[in-house]
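Structural features, examined
Here's the letter readout for the chains.
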Amino acid sequence: MENTAQSSGTEEMLVLIPILLLLPLLFFILRHFKILSSPLKSPLVPPGPYPWPIIGNILQLGKKPHVTLTQLALNYGPLISLRLGTTLMVVGSSPVVAKEILKTHDRVLSGRHVPSVFAYMRSELNNLSLGWSLECSGRWKFLRTLCRAELFSGKALESQACLQEKKVMDMVELLGTMEGKVVNIGEVIFATVFNMLSNVLLSRDFISLKDESVGGVLKGLIRKLMEVISAPDVSDFFPILGRFDLQGQKKKTLDLIGSISFAWADIIKERRERKGSVVLQEQDFLDVMIDNNFTDKQINQLLLELFSAGTETSSSTIVWAMAELIKNLESMKKVREELAREIKQDVVKEFHLPQLNYLQASVKETLRLHPPAPLLLPHRAIESYQVTSYTIPKDSQVLVNVWAIGRDPLYWEDPLVFKPERFLNSALDFKGNDFEFLPFSAGRRICPGLPMAAKVVPLVLASLIHFFDWSLPHGYDPEELDMSEKFGATLKKEQPLYLIPKVRK
Ligand code: HEM
């Protein structure tokens with residue numbers, strides 16, 4: 001999910017551009033023979049930049065849509081619309097509009113705009129999906145309830161605590177052997193977060209920390225999948241072309257899903273067999289899915305959604321927090337002092353977390369400046385609707401630019417400065433009630449993994465800082481850790497963070 005709105009793709013753009021150039025001709029023919037009706041002639045839709053004929057504003061979005069959309073909001077106001085082919089995209093960029101979308105009109109605007117690469121799910125999976133469920137249907141509610149009870153409730157999280165702490169100590173041990181060496185910290189953090197989740201879901205590590213390049217094949221496949229899903233796809237702009245799969249996105253997605261699912265296929269098979277013969281003492285989430293009669297395809301889909309939504313988001317938040325703290329040494333010092341005071345010589349445990357106010361404030365400040373899903377996941381208007389004085393037509397894509405809201409000088413003093421203090425002695429939280437701070441969204445579609453992320457992120461970050469002093473490799477310019485819009489929402493992909501650990505005595 002991370003950087004959903006951020007296109008990965010030079011490769012995809014190269015395929016997309018000739019298709020876009022040929023589209024006017026194709027549409028002229030379709031319109032001429034009355035196969036295609038006139039594109040969205042709507043009532044008063046929100047204002048926005050003038051669209052080009054047929055392709056609309058597609059080429060204006062650029063490589064970092066959240067940054068472009070922030071600029072456009074300055075010109076056209078906090079509720080804007082853009083035409084992407086025959087699809088209308090509506091974007092809210094202020095706390096007031098975010099509240100309208102995610103709270104006041106949540107029922108109508110909590111549909112999901114599903115990328116055409118996932119159209120197969122409707123038939124093959126009977127729509128059993130969390131993230132890509134078209135509406136907040138009964139089946140979606142069932143999945144949310146199941147995940148809440150088994151993965152994200154207070155009780156579930158408590159039962160995961162030992163395991164999570166163990167995975168963090170594996171990471172600390174590994175880094176201890178790398179003292180003085182240059183480490184790509186993002187890779188180590190990703191592997192740790194991935195294994196924390198894979199142990200809860202399938203009782204197994206999936207990424208060996210000891211690999212030369214920490215991570216291995218599975219990580220590459222998951223990253224590639226995220227790239228393909230978030231790359232611009234002509235079928236999303238012109239759904240009528242979906243069946244032709246002109247860019248081959250659907251095929252690539254299905255191939256990748258096949259390869260990723262292969263990684264756990266044997267585990268599912270073996271668990272089904274074992275369940276028939278032995279009474280299992282310890283249950284993981286795979287057991288729960290089997291007990292609920294999920295098919296293999298449904299298990300694959302849910303695992304994929306949880307891994308893709310939960311790993312890159314959490315790990316990139318930790319990497320950004322490290323980058324901000326390396327750059328803001330005063331804040332780093334305060335985190336260290338707090339850890340020394342509260343944890344002393346102990347290892348960091350989950351029960352310590354509520355005492356770590358400054359560390360928690362640093363995580364919030366990181367999420368304010370670098371929300372991993374800067375435009376959330378695209379919502380969809382289930383029916384035509386009136387928001388402020390404008391109409392949002394049925395099936396429009398609806399986004400909230402939480403990145404822009406988190407940097408709006410109207411709501412934040414010195415918005416570009418990393419200042420965890422702003423969250424100290426403040427009730428401001430990311431639980432979906434404060435519309436100026438929405439890294440996890442709000443309303444029906446609020447991130448279900450929030451309670452897990454709220455434990456995993458500070459636990460990993462606290463351990464990294466408690467056990468090690470960090471320095472940048474020689475010749476690495478701290479200015480390179482650009483905290484502005486240069487790197488958009490991603491630090492890891494565009495500029496990996498290399499650091500040198502020194503064990504703290
Ligand atoms: C820092 C960490 C995380 C952040 C900032 C984050 C943020 C988000 C956001 C913004 C959305 C979209 C909400 C919307 O469309 O309105 C979302 C959806 C989702 N997230 Fe997270 N997330 C994080 C971690 C996790 C974790 C750890 C998991 C699970 C293991 C998870 C699972 C999901 C799922 C399944 C959805 C789709 C929910 C639905 O459509 O009903 N996320 N997340």
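Under an unreviewed UniProt entry, the name given to the chain is Cytochrome P450, and the organism recorded is Quercus rubra. Per UniProt, the chain carries the Cofactor (unreviewed entry) text "heme".

1. Some thoughts on the coordination of the iron atom of the ligand
Of all protein atoms, Cys447 (SG) alone acts as a donor to the iron atom of the ligand, lying 2.3 Å away. Inspection of the secondary structure puts Cys447 in the loop between helix H16 (402-406) and helix H17 (450-467).

2. A few points about the site of the ligand
Near the ligand lie 27 residues; those nearest to it are Arg112, His379, Ser441, Arg445 and Cys447. Separating an oxygen atom of the ligand from a backbone N or O atom of Leu130 is a distance of 3.4 Å. A distance of 3.4 Å separates an oxygen atom of the ligand from a polar atom in the backbone of Leu377. When residues of the shell around the ligand are traced back to their parent elements, those giving at least two are helix H6 (138-152) and helix H13 (296-327). Top contributing element to the shell around the ligand by residue count: H13, with six residues.

3. A few points about the sheet that holds strand S10 (residues 498-503)
With respect to topology, three strands assemble into an open sheet ordered S4-S10-S9, the strand pairing being antiparallel. Each of the sheet's edge strands pairs with one partner strand only, and the pair in question is strand S4 (183-184) and strand S9 (468-471). Relative to S10, S9 runs antiparallel, the two being bridged by four bridges. Opposite Trp470, over in S10, you have Pro501 as the bridge partner. Along the sheet, helix H7 (residues 154-176) contacts S4, S9 and S10; its crossing angle with S9, the most-contacted strand, is approximately 60°.

4. Quick word on the environment of Phe206
Following the sequence through the fold, Phe206 ends up in the loop between helix H8 (185-202) and helix H9 (216-230). Under the relative-accessibility criterion, Phe206 is labelled buried at 13%. Along the backbone, Phe206 and Ile185 are 21 residues apart, and their C-alpha atoms lie at a distance of 18 Å.

5. Considering H13
For H13, built from 32 residues, the straight-helix expectation of 46 Å at 1.5 Å per residue is met to within 8% by its first-to-last C-alpha distance of 46 Å. The element H13 is largely enclosed, with a buried count of 27 among its 32 residues.

6. Considerations on the nonpolar core
Leu175, Leu201, Trp264, Phe285, Phe307, Leu464 and Trp470 are the most contacted members of the largest nonpolar core, which has 106 residues in total. Per-element tally for this core: the top contributor is H13, with 14 residues. Ignoring anything within four residues of it in the chain, the contact list for Phe307 reads Phe194, Leu197, Ser198, Leu201, Leu202, Ile222 and Trp264. Ranked by size, the runner-up nonpolar core spans 21 residues in total, among them Ala98, Val387, Ile405 and Ala442.

7. Some words on the pattern of salt bridges
Tallying each qualifying case throughout the model produces 26 salt bridges. In this structure, Glu365 and Arg368 form a salt bridge, with 2.8 Å as the shortest nitrogen-oxygen distance. Highlighted residues: Glu365 and Arg368, both in helix H15 (residues 357-369), separated by three residues, approximately one helical turn. Note on accessibility: Glu365 and Arg368 belong to one class, buried. Across the salt bridge formed by Arg422 and Glu365, the nearest N and O atoms sit 3.0 Å from each other. Pair noted here: Arg422 is in the loop between H16 and H17 and Glu365 is in helix H15, with a separation of 57 residues, a long-range link. Residue Arg422 shares its accessibility class with Glu365, and that shared class is buried. Beyond isolated ion pairs, a larger network of salt bridges with shared partners links Glu135, Arg380, Lys394 and Asp395.

8. A look at the packing of H7 against H17
Where H7 contacts H17, the two axes come as close as 10 Å, and the packing angle between them is 30°. Taken together, H7 and H17 sit at an angle that is classed as roughly parallel. Here the hand of the crossing between H7 and H17 comes out right-handed. Residues Leu157, Gln160, Gln164, Glu165, Val168, Met169, Met171, Val172 and Leu175 of H7 lie in contact with H17, whose contacting residues are Pro451, Met452, Lys455, Val456, Leu459, Val460, Ser463, Leu464 and Phe467. Residues belonging to the contact of H7 with H17 are distributed by class as follows: 13 nonpolar, three polar and two charged.

9. Looking at the environment of Gln301
If you trace the backbone, Gln301 turns up in helix H13. Along the primary structure Gln301 and Leu128 are separated by 173 residues, whereas in three dimensions their C-alpha atoms are 8.4 Å apart.

10. With respect to the packing of aromatic side chains
Taken as a whole, this structure holds 12 aromatic pairs when the rule is applied. Ring geometry for Trp412 versus Phe423: centroids 5.9 Å apart, planes at 50°, classification tilted. Taken together, the residues span a long stretch of sequence, with Trp412 in the loop between H16 and H17 and Phe423 in the loop between H16 and H17 at a distance of 11 residues. Chaining the aromatic ring pairs together yields one cluster made of Phe190, Phe194, Phe206, Trp264 and Phe307. Across the ring face of Phe206, the terminal group of Arg204 is positioned such that the distance to the ring centre comes to 4.7 Å. Between the NZ or CZ atom of Arg368 and the centre of the ring of Trp412, over which it lies, the distance is 5.2 Å.

11. As for a nonpolar patch on the surface
A cluster of nonpolar residues, Val96, Leu410 and Tyr411, forms a patch on the protein surface that exposes about 340 Å² of accessible area. Structurally, the position occupied by Leu410 is in the loop between H16 and H17. Take Leu410: its relative accessible area is 70%, and that puts it in the exposed class.

Analysis parameters
Residues numbered from 1 in each chain as written. Predicted model: local features only at pLDDT ≥ 70, side-chain atom pairs only at ≥ 80, totals over all residues. Heavy atoms only, no water. UniProt positions renumbered as here; feature names shortened; annotations may be inferred. Donors = N, O, S within 2.8 Å, 3.2 Å for Na, K, Ca; no water. Helix = DSSP H or I, 4+ residues; strand = E, 2+ residues; numbered from the N terminus. Near = heavy atom within 4 Å. Polar contact = N/O pair within 3.5 Å; in protein donor to acceptor, adjacent residues only side chain to side chain. Pairing = 2+ DSSP bridges. Contact = heavy atoms within 4.5 Å. Axes fitted to C-alpha atoms, helices over the stretch in contact; angles between N-to-C directions. Buried < 20%, exposed > 50% of the residue type's maximum accessible area, 1.4 Å probe, protein only. Expected span 1.5 Å × (residues − 1). Core = buried A, V, L, I, M, F, W, Y, C linked by side-chain atoms within 4.5 Å. Salt bridge = Lys/Arg side-chain N within 4 Å of Asp/Glu carboxyl O. Parallel < 35°, antiparallel > 145°, perpendicular 65-115°, else oblique. Left-handed = near helix turned anticlockwise from the far one by under 90°. Nonpolar A, V, L, I, M, F, W, Y, C, P; charged D, E, K, R; others polar. Phe/Tyr/Trp six-rings, centres within 6.5 Å; stacked < 30°, edge-to-face > 60°. Lys NZ or Arg CZ within 6 Å of the ring centre and 35° of its normal. Patch = residues over 30% accessible without salt bridge, like charges linked within 9 Å, V, L, I, M, F, W, Y side chains within 5 Å. Areas by Shrake-Rupley, 256 points an atom, 1.4 Å probe, with all protein chains shown as cover.

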